[in-house]
Amino acid sequence: MDKFCESCAVPLSAPDFKGPAEQYCKYCTDEKGNLQPQEVILGGITQWLKSWQPGITPEQAKARAEHYMQAMPAWAND
Ligand SMILES: [Zn+2]
């Protein structure tokens, strides 16, 4: 069964995404496997949304990124 990054949901079975941490991809951690600050992840997801949704405004992209992250175990606030 595939494991997914608990911060951004990419599949960890893909060699491109596997990093030093067990539960996070390499883009969500530093070189020691520590989770990046929330603002860094938010910026990355915002860029990713803008890359495949042409015409989206920066404000819309950020709002969607924040919504997306609320579904992630690493960032869900309960
Ligand atoms: Zn990730």
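Residues numbered from 1 in each chain as written. Predicted model: local features only at pLDDT ≥ 70, side-chain atom pairs only at ≥ 80, totals over all residues. Heavy atoms only, no water.

A. Layout of the environment of Y24. Its place among the elements puts Y24 in the segment before helix 1 (38-52). You can call Y24 buried: its relative accessible area is 13%. Between the C-alpha atoms of Y24 and C8, which are 16 residues apart in sequence, the distance is 8.1 Å. Discounting chain neighbours no more than four positions away, the residues touching Y24 are C5, E6, S7, L12, G19, T29, L35 and A74. (Helix = DSSP H or I, 4+ residues; strand = E, 2+ residues; numbered from the N terminus. Buried < 20%, exposed > 50% of the residue type's maximum accessible area, 1.4 Å probe, protein only. Contact = heavy atoms within 4.5 Å.)

B. Layout of the coordination of the zinc ion. Surrounding the zinc ion are the protein donor atoms C5 (SG), C8 (SG), C25 (SG) and C28 (SG), which sit 2.3 Å from the metal. In this structure, the zinc ion is coordinated by four donor atoms arranged in tetrahedral fashion, with angles at the metal of 105 to 116 degrees. Written as a sequence motif, the donor arrangement for the zinc ion is C-x2-C-x16-C-x2-C. Of this pair, C8 sits in the segment before helix 1 while C28 sits in the segment before helix 1; the two residues are 20 residues apart in sequence, bridging distant segments of the chain. (Donors = N, O, S within 2.8 Å, 3.2 Å for Na, K, Ca; no water. Tetrahedral: all angles 85-135°; square planar, octahedral: opposite > 155°, others 65-115°.)

C. Summary view of the pattern of salt bridges. Counted by the stated rule, this structure contains two salt bridges. Across the pair E22 and K3 runs a salt bridge, and its minimum N-O distance is 3.6 Å. With E22 in the segment before helix 1 and K3 in the segment before helix 1, the pair connects residues that are 19 residues apart, well separated along the chain. The exposure class of E22 is exposed, given its relative accessible area of 55%. For K3, a relative accessible area of 45% corresponds to the partly exposed category. (Salt bridge = Lys/Arg side-chain N within 4 Å of Asp/Glu carboxyl O.)

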